[in-house]
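# Observations on the three-dimensional arrangement
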Amino acid sequence: MILFYTLFALPLYQKYNTMVFSDLFKQVDLDTWNDQVPTYPGLSLLTHVSARTLQVGSVLGIVTGIVTTRFVKAPFSSHLIKCSGGGAFLGAVAGGVAVAAMAANGRLDADGLADRAYRLKHNEKQNSLSQQQIAASLVGIAAISFLFPKSGPLGVLAGVGLGSAAVFVPFFVGTAMQKYAEKEKEKENL
C-alpha cells in the first residue's frame, strides 16, 4: 500500500496541493491524545480499510471462481486459486483507492484520522476480527503452499484471501444474526 501511495497519492497531492495526503503519514501528537491512538493514525486507517476490502474482494473472487468454473477448462482448484488471489489483490488495491479518494475529497484531516484511529483501536470486535484474519491468512498461505507448491505469488494471495474469507463470512453472518435478534427482542418489548 505504501507503494500505491508513492505512485498515485503523491501526484494527487501535488495536483490538489492539499495537506491531507501528507497527514496520512504523519505521526500523531501524543500529548494531545494521551497515547489513546496509534502513533501513525493514517497508516492504521489504511491498513484497516485495505484488510476489509481484501476480505470482500476475496469472497467475491471465490464466488466468481465457483460460478465461472464450468466455463473454463482449467482444473477447479487452479481456477479457484486464480480467482481468490485476484479478488484479494483487487480488494486490497480498492482499499487504498478508497482512502486516497477520501483524502482527495477533503474528507480526511489530521483530527479526523486520529478520531477514526481512536475508534478502531478501541473497537474490540474489529481488533478480534483483525487478529483472526492474520491467523487464518497464515494458515491459508501454509495450506496453499503445501497443497499447490507451484502456485507462486498468486497462491500466496489466494491463501491470504481464502483465510480472510474463512474468517469474514462467519463474522458477517454472525453480526447480521445478532442485529436481527436484537430487533426481534425490541419488537417483543413493545
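As shown above, the structure is provided for reference.
Below is a short write-up of the structure. (Residues numbered from 1 in each chain as written. Predicted model: local features only at pLDDT ≥ 70, side-chain atom pairs only at ≥ 80, totals over all residues. Heavy atoms only, no water.)

Angle between the axes and distance between the axes are the two parameters that describe a pair of packed helices. Contact pair helix α4 (residues 41-68) / helix α8 (residues 152-189): the axes reach a minimum separation of 8 Å and the direction vectors enclose 100 degrees. With respect to α8, the axis of α4 lies roughly perpendicular. Contacts between α4 and α8 involve L54, Q55, V56, S58, V59 and I62 from the first element and V160, G161, L162, S164, A165, F168 and V169 from the second. Classifying every residue of the contact of α4 with α8 by side-chain character gives nine nonpolar, four polar and no charged. (Axes fitted to C-alpha atoms, helices over the stretch in contact; angles between N-to-C directions. Helix = DSSP H or I, 4+ residues; strand = E, 2+ residues; numbered from the N terminus. Parallel < 35°, antiparallel > 145°, perpendicular 65-115°, else oblique. Contact = heavy atoms within 4.5 Å. Nonpolar A, V, L, I, M, F, W, Y, C, P; charged D, E, K, R; others polar.)

Now for the side chain of R52. Of note, R52 is situated in helix α4. One buried charged residue, R52, forms no salt bridge at all, with the nearest opposite charge on E124 at 14 Å. Not counting residues up to four positions away in its chain, the partners in contact with R52 are Q126, L129, S130 and Q133. (Buried < 20%, exposed > 50% of the residue type's maximum accessible area, 1.4 Å probe, protein only. Lys, Arg positive; Asp, Glu negative; His and termini not counted. Salt bridge = Lys/Arg side-chain N within 4 Å of Asp/Glu carboxyl O.)

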